[in-house]
Amino acid sequence: MADITLRINGATRTGSPEVRKTLADFLRDDLDLTGTHVGCEPGSAERARHGRGRAVRSCLMLAVQAAGAR
């Protein structure tokens, strides 16, 4: 597992997620950011802001894909 670094709510956070771990699970389980709600059903409002300025479903994106994101 390689370290990834994210900027979340103005703070830089680093962790080593498993390759297949979703961004939502990484935020909740590894970084202890329990405010992340998981809800990937159609119409769900659960989102994370990706560093490229677009909203993504954090329960469908792998944590390693978010490396370097803000």
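Calculation rules
Residues numbered from 1 in each chain as written. Predicted model: local features only at pLDDT ≥ 70, side-chain atom pairs only at ≥ 80, totals over all residues. Heavy atoms only, no water. Helix = DSSP H or I, 4+ residues; strand = E, 2+ residues; numbered from the N terminus. Buried < 20%, exposed > 50% of the residue type's maximum accessible area, 1.4 Å probe, protein only. Contact = heavy atoms within 4.5 Å. Areas by Shrake-Rupley, 256 points an atom, 1.4 Å probe, with all protein chains shown as cover.

With that settled, the discussion passes to the overall build of the protein chain. Looking only at helices and strands, the protein chain features one helix and four strands. Put simply, the protein chain runs from its N terminus to its C terminus through helices and strands in the order β-β-α-β-β. The buried share of the protein chain, taken over its 70 residues, is 36%. Across the protein chain, contacts joining residues at least 24 apart in sequence account for 31% of those joining residues at least 6 apart. On the protein chain, roughly 4500 Å² of surface is accessible, and the fraction owed to carbon and sulfur atoms is 47%.

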